[in-house]
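One letter stands for each residue in the lines below.
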Amino acid sequence: MENKNKVAKPEGKLAVLIPGLGAVSTTLMAGVELARQGKGAPIGSLTQMGTARLGKRTDGRTVKLKDLVPLATLEDVVFGAWDIISEDAYQVAQRSGVLSDKHMEQVKPFLQGIKPKPGVHDPEFVRRIAANHIKATKTHRESIEAIRQDIRDFKKELNATRAVMVVCSSVETFRPLPEAFQSLANFEKALDSNSPDVNPTALYTYAAIKEGVPFANATPNASVDTPALQELAKQENAPIAGRDLKSGQTMMKTVIAPALKARMLGLEGWFSTNILGNRDGEVLDDPQAFKAKEVTKSSVLDTILQPDLYPELYNKYSHKVSIHYYPPRGDAKEGWDNIDIVGWLGYPMQIKINFLCRDSILAAPLVLDIALFLDLAKRMEWRGIQEWMSFYFKSPMAHPGLPVEHDLFIQLTKLKNTLRVVAGEEPITHLGLDYYGDDLPLAR
């Protein structure tokens, strides 16, 4: 396949700018630095460890994804952040308790050098954090201009030729999508009137897109999943992706649910509960913040199981999701799933999952991949929704009118096939009939 795709080379430094200097972002920063030092492996990162087969199985061509398409290298990644708490990245990482003392000591000077710029804060959206590092802006427009100036300053300070933004801030309180987000014209009016409907994450989103910076939302907060900001992204030629990282329990749902449907096994109920004790857990202890997370965690099953197509199997299942703040657990999140399924002749069975995971350890490599793939998309001159990156999100976006795909394996196939096409290679269908010749004739 002739490669007609023009991809600008990733020359110079790439600034990964992160609103929210918390456990996830500091674990990412430390992990990248440890990998650069040869003291840690970037496990969990497709861009660093993933491969793709090219051509037929008999060709024996398998390459690393980072060799298939021109991605920025870890050596060229630099970091900037905003936060409403004044701690530097080392202080945050130390408080978060994700990394060992050995790893912390190895990256201490590096993390101490990452100091956040003051963040945009609205206590109506984040209620459980005592903010002490807030921008002195008084209107939405002032906040946006301050963030845009920060982006320019970061690029200069970090000697970066380009930037991406990935929001990793605290979960904001849930609100039904207001009219202000239904169109760009409405959103502009809401900004001008300093509407209380506009959340801080949306201000970062608007500022990044206006700067032409690719943007991803790793949180459940209202952002690029809205018509207004999708319209802006197309207007400003910015690639966007989101929302809410698919790292733990929901990842398992996108693995198990496709297996149930593939085998035509029925579902009576799916009960999910979590405990965690980090700042994310503290914020989610606010019922309105949990509601925002519940929406993204609960939307997966219906889309995968398609109860409208299989009403006798999936039309009446019960689905319950809960999250509990439990300080002793820290970042070591634990998820339990009880799944009541139905088999041949209606006989009941159960699946039990106990996932003792590390929240930030699972999430950090996802943020790295998202940043590197968004940078690739920008250099491809792609804009708007990057559906091929759905693999990374609980609540991914698709072109308006298209059903969203949640099946993890379909998402991975789409991601790899997109990269194959970018590289001038044929997508792989896994049909394989040509291997068998006259044994499996398609036509006579």
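Residues numbered from 1 in each chain as written. Predicted model: local features only at pLDDT ≥ 70, side-chain atom pairs only at ≥ 80, totals over all residues. Heavy atoms only, no water.

With respect to the layout of surface pockets
Rolling a probe over the atoms, with the probe sized like a water molecule, indicates the empty space that remains. In this structure, the second largest pocket spans a volume of roughly 380 Å³. As for the second largest pocket, its lining consists of 18 residues, and the residues nearest its centre are Thr27, Gly31, Ala41, Pro42 and Ile361. Secondary-structure elements contributing two or more residues to the lining of the second largest pocket are α1 (23–36) and α15 (359–379). (1 Å grid on protein atoms, 1.4 Å probe; cavity = no way out; pocket = protein on both sides within 12 Å on 5 of 7 lines; lining within 4 Å. Points joined across faces, edges and corners; volume = space filled by probe spheres on them. Helix = DSSP H or I, 4+ residues; strand = E, 2+ residues; numbered from the N terminus.)

Structural notes on the sheet that holds strand β10 (residues 318–325)
Ordered by their spatial adjacency, 4 strands build an open sheet running β10-β9-β11-β12, and the pairing between neighbours is mixed. Only two strands of the sheet have a single neighbouring strand rather than two, namely β10 and β12 (348–356). Sheet twist, expressed as the mean angle between neighbouring strand axes with direction ignored, is 10°. Inspection of the sheet shows strand β9 (residues 266–276) paired to strand β11 (residues 334–342) by 9 bridges, in the antiparallel sense. (Pairing = 2+ DSSP bridges. Axes fitted to C-alpha atoms, helices over the stretch in contact; angles between N-to-C directions.)

Digging into unusual backbone geometry
Look at the link from Gly242 to Arg243: it is a cis peptide, with omega at 5°. Position of Arg243 relative to the elements: it lies in the loop between β8 (239–242) and α10 (249–262). Here Gln306, not a glycine, exhibits a phi torsion of approximately 50°, which is positive. In this structure, Gln306 sits in the loop between α13 (300–305) and α14 (311–314). For Gln306, a relative accessible area of 27% puts it in the partly exposed group. (Buried < 20%, exposed > 50% of the residue type's maximum accessible area, 1.4 Å probe, protein only.)

Some details on the pairing of strand β1 (residues 13–19)
The two faces of the sheet receive side chains in turn, since in a regular strand these alternate between them. Burial analysis of β1 places 6 of its 7 residues in the buried class, which makes it a mostly covered element. Alignment of β1 against strand β6 (residues 160–167), held across 5 bridges, turns out to be parallel. Looking at the pairing, Lys13 lines up with Ala160 of β6.

A closer look at the sheet that holds strand β5 (residues 117–118)
One open sheet accounts for 7 strands, arranged β5-β4-β1-β6-β7-β8-β13; its pairing is parallel. The strands lining the two open edges of the sheet, one partner per strand, are β5 and β13 (384–385). Relative to β5, strand β4 (residues 77–83) runs parallel, the two being bridged by 2 bridges. In the sheet register, Trp82 faces β5, and the bridge partner there is Lys117. Relative to strand β7 (residues 215–217), helix α8 (residues 200–210) is tilted by about 160°, and along the sheet it contacts β1, β4, β6, β7 and β8. Each of β1, β4, β6, β7 and β8 touches α15; the most contacted strand, β6, lies at about 130° to it. (Contact = heavy atoms within 4.5 Å.)

Considering the environment of Ala89
Along the polypeptide, Ala89 turns up in helix α4 (residues 89–96). With 186 residues separating them in the primary sequence, Ala89 and Ile275 have C-alpha atoms 25 Å apart.

A few points about the packing of aromatic side chains
Tallied over the full model, the rule gives 9 aromatic pairs. The interplanar angle of 70° and the centroid separation of 5.4 Å between the aromatic rings of Phe373 and Trp388 together place this pair among those described as edge-to-face. Remark: Trp388 occurs in the loop between β13 and α16 (408–422) and Phe373 occurs in helix α15; sequence separation between them is 15 residues. For the pair Phe373 and Tyr392, a centre-to-centre distance of 6.3 Å together with 45° between the ring planes defines the contact as tilted. With a gap of 19 residues between them, Phe373 in helix α15 and Tyr392 in the loop between β13 and α16 connect regions that are remote in the sequence. Three or more aromatic residues joined by ring pairs form one cluster here, namely Phe373, Trp382, Trp388, Phe391 and Tyr392. Above the face of the Phe154 ring, Lys117 is positioned so that its terminal group lies 4.7 Å from the ring centre. Geometry around Phe125 places Arg175 over its ring, the cationic atom sitting 4.0 Å from the centre. (Phe/Tyr/Trp six-rings, centres within 6.5 Å; stacked < 30°, edge-to-face > 60°. Lys NZ or Arg CZ within 6 Å of the ring centre and 35° of its normal.)

Things to note about the nonpolar core
Within the largest apolar cluster, 63 residues are counted, with the highest numbers of intra-cluster contacts made by Met29, Ile370, Tyr392 and Leu419. When sequence neighbours within four positions are dropped, the list of residues in contact with Tyr392 reads Leu46, Asp244, Leu245, Lys246, Leu366, Asp369, Ile370, Phe373 and Leu415. Counting 37 residues, the second largest nonpolar core, distinct from the first, contains Met165, Val198, Tyr206 and Met397. (Core = buried A, V, L, I, M, F, W, Y, C linked by side-chain atoms within 4.5 Å.)

Looking at α15
The periodicity of an α-helix, 3.6 residues per turn, causes residues three or four positions apart to be oriented the same way. Taking 1.5 Å of rise per residue, 21 residues should cover 30 Å, and α15 covers 31 Å from first to last C-alpha, within 8% of that figure. Summarising burial for α15: 18 of the 21 residues are buried, a large majority. Once α15 finishes, Glu381 follows within two positions and takes phi at roughly 65°, a positive value. (Expected span 1.5 Å × (residues − 1).)

Considerations on the pattern of salt bridges
Scanning the model with the defined rule gives 19 salt bridges in all. Here Arg95 ties to Glu87 by a salt bridge, and the two come within 2.8 Å at their closest N and O atoms. Ionic pairing is found between Arg379 and Asp375, a salt bridge with its closest N-O pair at 3.1 Å. In this pair, Arg379 and Asp375 are both assigned in helix α15, 4 residues apart and thus about one turn of the helix distant. Across the pair, exposure class does not vary: Arg379 and Asp375 are buried alike. (Salt bridge = Lys/Arg side-chain N within 4 Å of Asp/Glu carboxyl O.)

None of the figures reported here should be taken as evidence of function without further support.
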